[in-house]
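# Examination of the molecular architecture
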Amino acid sequence: MTGPWPHKPYTFRALQKTFGLMWVRCDTCRRYAALRLTGLLDVDYRTKRFSCSRCGSEAWVCVVEPTKEKGMQDYCLDEVEDPQRHPAAVDRLTGKRPRRKVAHSSGELPGRKIDPRR
């Protein structure tokens, strides 16, 4: 018989005990790195977002190493000693991203050409 689960639910510590080593992957520049959980063990993983330090786009936590998944052999390991946030990621995560204005007057999507034959 086992005892109760000793870790607080929805934390990175619980994820680490369940899955072991995890990675952060960027689908834009096709790179990945091992997820270092220093200082994040007792943080709720549902509230954390990650970003690529190379291109600034959104990065995702994965439990299987990307190069071992079928169709993802072109991802390359990119370990950075002291990763810094990309300026574009800071803008995206803090909400300072410029918003496009959408014209609702014509009923067509922006950038679409209206075919007069319709």
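Heads up: the structure comes first, above all this text.
Notes on the structure in this doc start here. Fair warning: this is a prediction, and the values are worked out from it, not measured in the lab. (Residues numbered from 1 in each chain as written. Predicted model: local features only at pLDDT ≥ 70, side-chain atom pairs only at ≥ 80, totals over all residues. Heavy atoms only, no water.)

### Quick word on the sheet that holds strand β1 (residues 23–26)
Sheet strands line up and pair through hydrogen bonds in the backbone, either parallel or antiparallel. Taken together, the five strands give an open sheet; going across it, the order is β3-β4-β1-β2-β5, and neighbouring strands pair in mixed fashion. If you trace the sheet from one side to the other, it starts and ends with β3 (50–51) and β5 (76–77), each paired once. Pairing of β1 with strand β2 (residues 31–34) involves four bridges; the strand directions are antiparallel. The partner of Cys26 across the bridge, within β2, is Arg31. (Pairing = 2+ DSSP bridges. Helix = DSSP H or I, 4+ residues; strand = E, 2+ residues; numbered from the N terminus.)

### As for the packing of aromatic side chains
Inspection of the entire model under this criterion finds three aromatic pairs. Judged by centre distance (6.2 Å) and plane angle (55 degrees), the ring pair of Tyr10 and Tyr45 falls under tilted. Of this pair, Tyr10 sits in the segment before α1 (12–19) while Tyr45 sits in the loop between β2 and β3, placing them 35 residues apart in sequence. Owing to a relative accessible area of 30%, Tyr45 belongs among the partly exposed residues under this scheme. With centroids separated by 6.1 Å and ring planes inclined at 75 degrees, the aromatic side chains of Phe12 and Phe50 adopt a geometry described as edge-to-face. With Phe12 in helix α1 and Phe50 in strand β3, this pair connects stretches of sequence that are 38 residues apart. Like Phe12, the residue Phe50 is buried in the burial classification. Connected via pairs of aromatic rings, a cluster forms that spans Tyr10, Phe12, Tyr45 and Phe50. Of note, Arg46 hangs over the ring of Tyr10, and the distance from its end group to the ring centre comes to 3.8 Å. (Phe/Tyr/Trp six-rings, centres within 6.5 Å; stacked < 30°, edge-to-face > 60°. Buried < 20%, exposed > 50% of the residue type's maximum accessible area, 1.4 Å probe, protein only. Lys NZ or Arg CZ within 6 Å of the ring centre and 35° of its normal.)

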